[in-house]
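Fold and geometry: a report
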Amino acid sequence: MEWSRYSFQDFIPFTADVYLNLLQRVNEAYWPLHIVNVLISITIVALVWKSRFKMASYLMIPIWLLVAFGFLYNFYNDLYWPSRWFSALFAIQALLILSTTLVWSNKTHKIGFVSTSVGLVLSALGLTWPLVSLIFGLPGGSLEWIGIHPDPTAIFTLGVLVFSQTGWRLILLMLIPSVWLMISSMTLQVLMLAQWSVVLLVIILVVLLVINKMVSQLTKGFSED
Amino acid sequence: MASRFSRRSILKFAGASLFIPGSLLAADSPRLITKAIPSSNEQIPVIGMGTWRTFNVGSDLKLQLARTEVLRTFFKLGGGVVDCSPMYGSSASVLGFALNQLKHPDSLFSADKVWTRDSAATRDEVQYQADRWNIDRFDLMQVHNLLNWQDHLPVLQEMKRQGQLRYVGITTSHGRRHDELVRIMMREQLDFVQLTYNLTNREAERRLLPVAQERGIAIIANRPYDGGYLIDRLKKRAAVPEWAKAELGCRTWADYLLKFVVSHPAITCAIPATTQVAHMQENMIAGYDFLPDGRQRLSMTREIESL
């Protein structure tokens, strides 16, 4: 097939400085929505902590839609031709969150200590991603924020999912964030932006955790919702 | 046939002491090197410009204006061929912006590509790109990376017959699919082929370039700096050899690498890409006055191999 003759590098038609410039323009366009998104995200974590999973899920939907259309469709699409498909994926994730929440029975379910800890760490990582970006040398105007940019949104979502979901719902809802982070990690690597390593570690951690959960559940039986 | 630019214009736009070789400064009238397109004998400058990554800056006005200055320098120093593709994001639109700013210089030789698996979309894609460039028709339209060439080439040939294009071509890069490209070149009527050719990637010399000469096909060399990797590496490791400075007027590695590429008799033009005015000046200077002969080309390859 023709596509197999390309390497991933061939599909990144922009340079790092242009990408960082794009992040900055997005920040300028949407500031101070960043603060609202951070507050919403903290609320999501608090709701999950209090086992109010449905409300937490509903609050996730607008931040995924904002990234889908506010960033991926409106801005990234300018530089990167597959971005309209990424935008569709993010919109589908919002739809998946909505539909799985609507059918949710809202019974509490047991989440283990490891999942809770990992989930909290990843949620915190997503929330504090601007600091991570700063540590990796990104200029202040180009920092990435939850609900504005896809990476911290996906990382935060994976964290929340890991310490709030089990079974098929966890698998279904973590697919798109994981696929995005894999693409992002590869993109950042091509652009030689160092945070690609952290993004990749997140994916590996989550996948290992989920495999561990699945194995445990297979041997012990699923916890019902 | 040579086109003459005044010393004054070269000095003005390239910066006297930094970028101009002594031989060029000494010349009464630096000679812009051109080569003929075999199918028409039209002369085009041997240094063109690519836009992969470099012109994909989206709707950022500051960056668009910066790229306009790069393009302005290109034309002021005698540039002609500008190459783009739908695969390159917003590059075509940025080119359109820049060309509008520069009032569409007459020396532009516009080259773009069809890059779609949709066999019915050839004409639409050509028109879409032309609209983004703000031009009426392309000089050259190419099938990008051989994608669906069986369906696109006949349509492009028909468009050429109808006067909607001037030339038809096909492209590959990174040394991919050379065997298939040779078969296409032997079978189809092509004006241009674009391929990767540089000092460390000379696979095309084996068959593609001889076939091009035999069939009267112009060759555009992409990735003359291997995507920047080659020139960056050389700049860090060594200075341009003294003999290359003395015999060829090579002040920079850009000179060295580009003169090597375009001195092959089968190569019509090279299309380095850059985001910087200073690098564009370096690139364009390579297209003046002296090209290495066979002996010098051999010395150039040996020099690189020794590093």
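For the structure given in this document, a descriptive report is provided here. What you see is a predicted model; the values in this text were computed from it and never measured. (Residues numbered from 1 in each chain as written. Chains lettered and ligands numbered in written order. Predicted model: local features only at pLDDT ≥ 70, side-chain atom pairs only at ≥ 80, totals over all residues. Heavy atoms only, no water.)

**Notes on the interface of chain B and chain A**
Taken residue by residue, the interface counts 22 residues in chain B and 20 residues in chain A. Overall, the association of chain B and chain A removes approximately 1900 Å² of surface from exposure, summing both partners, and the carbon and sulfur fraction of that is 49%. Linking chain B with chain A are 2 salt bridges, by the criterion used here. A salt bridge links Asp10(A) to Arg176(B); the shortest N-O distance between them is 2.9 Å. At the boundary of chain B with chain A, the tally comes to 9 residue pairs in polar contact (both at pLDDT 80 or more). (Contact = heavy atoms within 4.5 Å. Buried area = accessible area lost by both parts, 1.4 Å probe. Salt bridge = Lys/Arg side-chain N within 4 Å of Asp/Glu carboxyl O. Polar contact = N/O pair within 3.5 Å; in protein donor to acceptor, adjacent residues only side chain to side chain.)

**Observations concerning the side chain of Asp83(B)**
Residues and elements named next belong to chain B. Here Asp-83 shows up in strand β5 (residues 81–83). A relative accessible area of 1% means that Asp-83 is categorised as buried. Within the structure, Asp-83 has its side chain in polar contact with the side chain of Lys-113 (distance 2.6 Å). If sequence neighbours within four positions are ignored, Asp-83 has contacts with Met-49, Gly-50, Thr-51, Tyr-88, Ala-111, Lys-113, Gln-142, Gln-194 and Ile-271. (Helix = DSSP H or I, 4+ residues; strand = E, 2+ residues; numbered from the N terminus. Buried < 20%, exposed > 50% of the residue type's maximum accessible area, 1.4 Å probe, protein only.)

**Looking at the packing of helix α6 (residues 122–133) of chain B against helix α7 (residues 149–161) of chain B**
A pair of packed helices is captured by two measures, namely the crossing angle of their axes and the spacing between those axes. Residues and elements named next belong to chain B. Axis separation between α6 and α7 bottoms out at 9 Å; the angle between their running directions is 60°. Taken together, the axes of α6 and α7 lie oblique to each other. Across the interface between the two elements, Thr-122, Arg-123 and Val-126 of α6 pack against His-152, Val-155, Leu-156, Glu-158 and Met-159 of α7. A class-by-class count of the residues in the contact of α6 with α7 yields 4 nonpolar, 2 polar and 2 charged. (Axes fitted to C-alpha atoms, helices over the stretch in contact; angles between N-to-C directions. Parallel < 35°, antiparallel > 145°, perpendicular 65-115°, else oblique. Nonpolar A, V, L, I, M, F, W, Y, C, P; charged D, E, K, R; others polar.)

**Some remarks on helix α10 (residues 229–237) of chain B**
Residues and elements named next belong to chain B. Every buried residue of α10 is listed here: Leu-230, Ile-231 and Leu-234. For α10, the arc enclosing every buried residue in end-on projection is 90°, short of the 170-degree limit, so these residues lie on one face. Turned more than 90 degrees off the buried face of α10, the exposed positions are Tyr-229 and Lys-236. Of the surrounding secondary structure, the elements contacted by the buried residues of α10 are α12 (253–263) and α14 (294–306). (Arc of directions from axis to C-beta.)

**Looking at the environment of Leu199(B)**
Residues and elements named next belong to chain B. For Leu-199, the position within the fold is in the loop between β9 (192–196) and α9 (208–215). Residues Leu-199 and Asn-134, spaced 65 residues apart in sequence, show a C-alpha to C-alpha distance of 35 Å. With sequence-adjacent residues up to four places away left out, Leu-199 is seen in contact with Leu-230, Tyr-256, Leu-257, Phe-260, Met-300, Thr-301 and Ile-304.

**Focus: the packing of aromatic side chains**
Aromatic ring pairs: the centre-centre distance and the angle between the two ring planes describe each pair. Across all of its chains, the model carries 24 aromatic pairs over all chains by this definition. Measuring from ring centre to ring centre gives 5.4 Å for Tyr76(A) and Tyr80(A), while their planes differ by 65°; the resulting arrangement is edge-to-face. The buried category is assigned to Tyr80(A), whose relative accessible area is 3%. Aromatic side chains Trp133(B) and Phe138(B) sit 5.3 Å apart centroid to centroid with 85° between the ring planes, which places their arrangement in the edge-to-face category. Both residues of the pair, Trp133(B) and Phe138(B), count as buried. Here the aromatic residues Phe14(A), Tyr19(A), Trp64(A), Phe71(A), Tyr76(A), Tyr80(A), Phe86(A), Phe90(A) and Trp180(A) are joined through ring pairs into a cluster of three or more. The ring of Phe260(B) has Arg297(B) sitting right over it, with the charged end atom 4.1 Å from the ring centre. (Phe/Tyr/Trp six-rings, centres within 6.5 Å; stacked < 30°, edge-to-face > 60°. Lys NZ or Arg CZ within 6 Å of the ring centre and 35° of its normal.)

**Observations concerning the sheet that holds strand β11 (residues 267–270) of chain B**
All names here are of chain B. Spatial strand order, β5-β6-β7-β8-β9-β10-β11: 7 strands in an open sheet with parallel pairing. Edge positions in the sheet fall to β5 and β11, since each has one partner strand and no second. Neighbour to neighbour, the strand axes of the sheet diverge by 30° on average, direction disregarded. Bridging between strand β6 (residues 109–114) and strand β7 (residues 138–143) involves 4 bridges; their strand directions are parallel. Bridge pairing in β7 links Val-114 to Val-143. (Pairing = 2+ DSSP bridges.)

**Quick look at the side chain of His144(B)**
Residues and elements named next belong to chain B. Relative to the elements of secondary structure, His-144 occurs in the loop between β7 and α7. The exposure class of His-144 is buried, given its relative accessible area of 4%. Setting aside anything within four residues of it in sequence, one finds His-144 in contact with Ser-85, Met-87, Tyr-88, Lys-113, Val-114, Trp-115 and Thr-171.

**Considering the nonpolar core**
Within the largest apolar cluster, 154 residues are counted, with the highest numbers of intra-cluster contacts made by Tyr76(A), Leu71(B), Trp133(B) and Tyr256(B). Among the elements that make up this core, the one with the highest residue count is helix α3 (residues 53–79) of chain A (13 residues). (Core = buried A, V, L, I, M, F, W, Y, C linked by side-chain atoms within 4.5 Å.)

**Examining the pairing of β7(B)**
Moving residue by residue along a regular strand, the side chains alternate between the two faces of the sheet. With 6 of its 6 residues buried, β7(B) lies for the most part within the structure. The handedness of the β6(B) to β7(B) crossover, carried by α6(B), is right-handed. (Right-handed = clockwise from strand over helix to strand, strands pointing away.)

**Quick word on the environment of Gln276(B)**
Structurally, Gln276(B) can be placed in the loop between β11 and α13 (277–285). Along the backbone, Gln276(B) and Thr200(B) are 76 residues apart, and their C-alpha atoms lie at a distance of 24 Å.

**Re unusual backbone geometry**
The omega torsion of the bond from Trp31(A) to Pro32(A) falls at 5°, within 30 degrees of zero and hence cis. The residue Pro32(A) is located in the loop between α1 (16–30) and α2 (33–49) in this model. Of note, the phi angle at Asp289(B) is positive, near 65°, even though the residue is not glycine. Tracing the sequence through the fold places Asp289(B) in the loop between α13 and α14.

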